[in-house]
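# Examining the three-dimensional arrangement
These are the residues of each chain, in order.
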Amino acid sequence: RLTSARGRLGLVSALAVLLVAVALVVLQFTPGRGYARAAGIPRPQVPRSQTQPIPAYPTAVTPKMSDGVVLINGELDDGFSSGTGIVLSDSGLVLTNYHVVAGTTYLTAQPAGGSRNYQADLLGRNIWADVALLQLRGAGGLVTADLAADPVRIGDRVIVVGNGDGGGVLLASGGSVIDIDAAVSLESAFGGYGFDEAVGMIQSTAGAIPGYSGGPT
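Since we're looking at a predicted model, the values are computed, not measured.

## With respect to the overall build of the protein
- A tally of helices and strands in the protein yields two helices and ten strands.
- What you see in the protein, going N to C, is helices and strands ordered as β-α-β-β-β-α-β-β-β-β-β-β.
- Sorting the 217 residues of the protein into buried and exposed places 50% on the buried side.
- Summed over all atoms, the accessible surface of the protein reaches about 10000 Å², with 55% contributed by carbon and sulfur.

## Considerations on the environment of Leu171
- Here Leu171 is to be found in strand S9 (residues 171–187).
- When the C-alpha positions of Leu171 and Ser66 are compared, they lie 9.8 Å apart, and in sequence the two are 105 residues distant.
- With near-sequence residues (within four places) excluded, Leu171 lies in contact with Val61, Val160, Val161, Gly162, Gly164, Ile209 and Tyr212.

## Remarks on the side chain of Ser204
- Mapped onto the elements of the fold, Ser204 is located in strand S10 (residues 195–204).
- Taking relative accessible area as the criterion, Ser204 reaches 15% and is therefore assigned buried.
- Within polar-contact distance, the side chain of Ser204 engages the backbone nitrogen of Ala206 at 3.2 Å.

## A word on the pairing of strand S3 (residues 79–87)
- Across the nine residues of S3, eight count as buried, placing the element largely inside the fold.
- In textbook terms, the turn of a hairpin is the stretch between consecutive antiparallel strands, and for strand S2 (residues 69–76) and S3 this stretch comprises two residues.
- Bridge analysis of S3 against strand S4 (residues 93–96) gives two bridges, and the strand direction is antiparallel. Considered in S4, the bridge of Ile86 is made with Leu95.

## Points about the confidence of the model for the protein
- Averaged over every residue, the pLDDT of the protein is 76; the share at 70 or more is 70%.
- Within the protein, S4 carries the highest mean pLDDT (97), whereas helix H1 (residues 13–22) carries the lowest (36).

## What about the pattern of salt bridges?
- Considering all chains together, one arrives at two salt bridges under this definition.
- Close ionic contact of Asp67 with Lys64 constitutes a salt bridge, the shortest N to O distance being 3.3 Å.
- Notably, a salt bridge pairs Arg137 with Asp121, separated by 2.8 Å at the nearest N-O pair. Within this pair, whereas Arg137 is found in the loop between strand S7 (131–136) and strand S8 (157–162), its partner Asp121 is found in strand S6 (residues 118–126), the two being separated by 16 residues in sequence.
- Its relative accessible area of 27% is what places Asp121 among the partly exposed residues.

Conventions used here
- Per-chain numbering applies: the sequence of each chain, read as written, is numbered from 1 onward.
- For this predicted model, a pLDDT threshold of at least 70 governs which residues receive local features, and a threshold of 80 or more governs which side-chain atom pairs are given and counted, while totals over whole chains, interfaces and linings are taken from all residues.
- Heavy atoms throughout the structure, all of them, feed into the side-chain values; hydrogens and water do not.
- Only runs of H or I of at least four residues qualify as helices and only runs of E of at least two qualify as strands under DSSP, and these elements are numbered from the N terminus.
- Only protein chains enter the area calculation, which uses a 1.4 Å probe; residues under 20% of their type maximum are buried, those over 50% are exposed, and those in between are partly exposed.
- Here the Shrake-Rupley method, with its probe set to 1.4 Å, supplies the accessible areas, and only the displayed protein chains count as covering residues.
- Contacts between residues were defined by any pair of non-hydrogen atoms, one from each residue, lying within 4.5 Å.
- Side-chain atoms alone can form a polar contact between residues adjacent in sequence; in general such a contact is a pair of N or O atoms within 3.5 Å, and within protein one must be able to donate a hydrogen while the other accepts it.
- Here a strand pair is declared whenever DSSP counts at least two bridges between the two strands.
- Looking at any residue, its pLDDT shows the predictor's confidence there, from 0 to 100.
- Each reported salt bridge corresponds to a side-chain nitrogen of Lys or Arg within 4 Å of a carboxyl oxygen of Asp or Glu.

This is the structure in structure tokens:
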């Protein structure tokens, strides 16, 4: 998530199952998120300078990378928030990180490479898993994400795409998978009480920057 300098589910069990399926292609549920700062919601874990290793190979954005990806922007009481989402249905169901939408008063999502902006409603959330499900109003015929069926392996080449720095255009970073069972210590999302450990994470050398949160790999 990217937020301005001024500020910054209980989802049903079916979404938890969905997250497991999507985890094979979504690495943005890992450190490198944003700058939100409020008790009871996910907060930043790693400074940006630590989340941008040099990509393992040059990466150019192609039209295919836009398929099933939306660029999310939200209004906060004291600023704005930007992130990325994954299109799950052609009728506009979108999966993203909860911290991308937390505290927002108005949300829009624009298919990457498209020109139409949709107003988005928050259908559900799980702040512990940092996931949220959105519905785009009036959406139809959207291109959905092509979820990988094969397991991720160490050494696999990957490309991370997202709304980098909240610029409203799709950016991409290339890298390789270096761990498929990483443990990461994260600042507690609930009132600043120490740290939480996230386990079973997929780690790559692709550089994640603010605004990539919620997007696919």
